[in-house]
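Observations on chain architecture
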Amino acid sequence: MRVKLLGTGAAEGLPGLFCCCSTCKEARRRGGKDLRSRCTALIDDVIKIDLPPDTLHHVLAQGLDMTQVRYLLITHSHDDHYAPLELQYASWMFAAEPPPTIRILAPEHIGRKARQTLDLDTLPLAVETLLPWVAVRLERWVVTPVPAFHMEEDLCFNYIVEDDERSVLYATDTGWYPDETWDRLAGRHLSGLVVECTKGFEEGGYERHLSIPQVVAMRRQMIESGALAPDARVVTTHHSHMAGMLHADLERALTPHGIEVGYDGFVFCV
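These notes cover the structure that comes with them.

Cut-offs applied
Residues numbered from 1 in each chain as written. Predicted model: local features only at pLDDT ≥ 70, side-chain atom pairs only at ≥ 80, totals over all residues. Heavy atoms only, no water. Helix = DSSP H or I, 4+ residues; strand = E, 2+ residues; numbered from the N terminus. Buried < 20%, exposed > 50% of the residue type's maximum accessible area, 1.4 Å probe, protein only. Contact = heavy atoms within 4.5 Å. Patch = residues over 30% accessible without salt bridge, like charges linked within 9 Å, V, L, I, M, F, W, Y side chains within 5 Å. Areas by Shrake-Rupley, 256 points an atom, 1.4 Å probe, with all protein chains shown as cover. Salt bridge = Lys/Arg side-chain N within 4 Å of Asp/Glu carboxyl O. Core = buried A, V, L, I, M, F, W, Y, C linked by side-chain atoms within 4.5 Å. Disulfide = S-S within 2.5 Å. Expected span 1.5 Å × (residues − 1).

1. Describing the environment of histidine 239
Inspection of the secondary structure puts histidine 239 in the loop between strand E12 (228–237) and helix H6 (247–254). The buried category is assigned to histidine 239, whose relative accessible area is 2%. Setting aside anything within four residues of it in sequence, one finds histidine 239 in contact with Thr8, Gly9, Ala10, Leu14, Arg36, Cys197, Leu250, Val261 and Gly262.

2. Looking at a nonpolar patch on the surface
Together, Tyr89, Trp92, Met93 and Phe94 make up an exposed nonpolar region whose accessible area comes to about 520 Å². Mapped onto the elements of the fold, methionine 93 is located in the loop between strand E4 (71–73) and strand E5 (102–106). Take methionine 93: its relative accessible area is 56%, and that puts it in the exposed class.

3. A few points about the pattern of salt bridges
This structure, assessed with the given rule, holds twelve salt bridges. The shortest N-O distance in the salt bridge between arginine 30 and glutamate 26 comes to 2.8 Å. Within this pair, arginine 30 and its partner glutamate 26 are both found in helix H1 (residues 22–30), separated by four residues, close to a single helical turn. For glutamate 128, the salt bridge is made with arginine 103, and the minimal N-O distance between the two is 2.5 Å. With a gap of 25 residues between them, glutamate 128 in strand E6 (residues 125–129) and arginine 103 in strand E5 connect regions that are remote in the sequence. One salt-bridge network, held together by shared partners, links Glu26, Arg29 and Arg30.

4. Examining the nonpolar core
Ranked by size, the top nonpolar core spans 29 residues in total, and within it Leu169, Tyr177, Leu193, Ile212 and Met222 carry the most contacts. Every element with two or more residues in this core is listed here: strand E10 (167–171), helix H4 (179–185), strand E11 (190–196), helix H5 (212–224), E12 and H6. Per-element accounting of this core gives the leading share, five residues, to H5. In contact with isoleucine 212, not counting residues within four places along its chain, are Cys197, Gly200, Phe201, Met245, Leu250, Ala253 and Leu254. In this structure, Leu105, Trp141, Phe157 and Val161 belong to the second largest nonpolar core, which totals 26 residues.

5. Some details on the state of the cysteines
A full pass over the atoms with the stated rule returns zero disulfides. With no disulfide partner, cysteine 19 has as its closest neighbouring cysteine sulfur the one in cysteine 21, 3.5 Å distant. Counting only cysteine sulfurs, cysteine 39 is the nearest neighbor of cysteine 269, a cysteine outside any disulfide, at a range of 19 Å. By relative accessible area, which is 47% here, cysteine 269 ends up partly exposed.

6. Digging into H5
The end-to-end C-alpha distance of H5, which contains 13 residues, comes to 19 Å, matching closely the 18 Å that a straight helix rising 1.5 Å per residue would cover. Within H5 the residues assigned to the buried category are Ile212, Gln214, Val215, Val216, Ala217, Met218, Arg219 and Met222. Along its buried surface, H5 packs onto E10, H4, E11, E12 and H6. Directly beyond the C-terminal end of H5, a positive phi value near 80° is found at glycine 226.

Written out as structure tokens, the structure is:
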């Protein structure tokens, strides 16, 4: 299973869109892995997780071919992860040959909003509602929505994507899982984990994101519970400039714990 991290930044990006803090200034100077667009991933070139407002940037900078995407999994409604009006450009008005139908799979409230804001009669889109822990088959893949601890008012998902041999949990925009989630993940022996790491070493602040110590603890607990295979690849995403850490800083903190630091354009296999 091939995973490509198209974007690995938090909502404001890195450097922040309107920020001139020392971290953002240095990120602009260094470029490369220190430039992070809004968070999204591509699995086997066919399954895309989230549709941020930076999607055109990913088309231009990384050769993303949206005509190959068949399934769009939406984690939650925050606009750095779901910019639905970008989908209007799949219309015959803007594409010489409209792409094959894209199936949008999401929590119920996102599907309801999509039906209100998008012209599903003319756009090559189909909207489907997902339920927590109810797996759906998408050709050779099986997708299981895992409830994320992120928003009080709306249901949010992380996703397990698996084929006949391998599996990966994409866990962005979540705080520490509740006991029920840990119980359901136990024994799954996942082949890979993409996990958010928004807060750096900061233990306070927004509890519905993860810090470096929590990411380290999550890997350890998942291995001990059998949720994650001992040799599974663990890669971070959703990094914020507010953590005050550049790519090299994150590597120094995470690499000793068997955790890889993701960056825009990073491709790996599980």
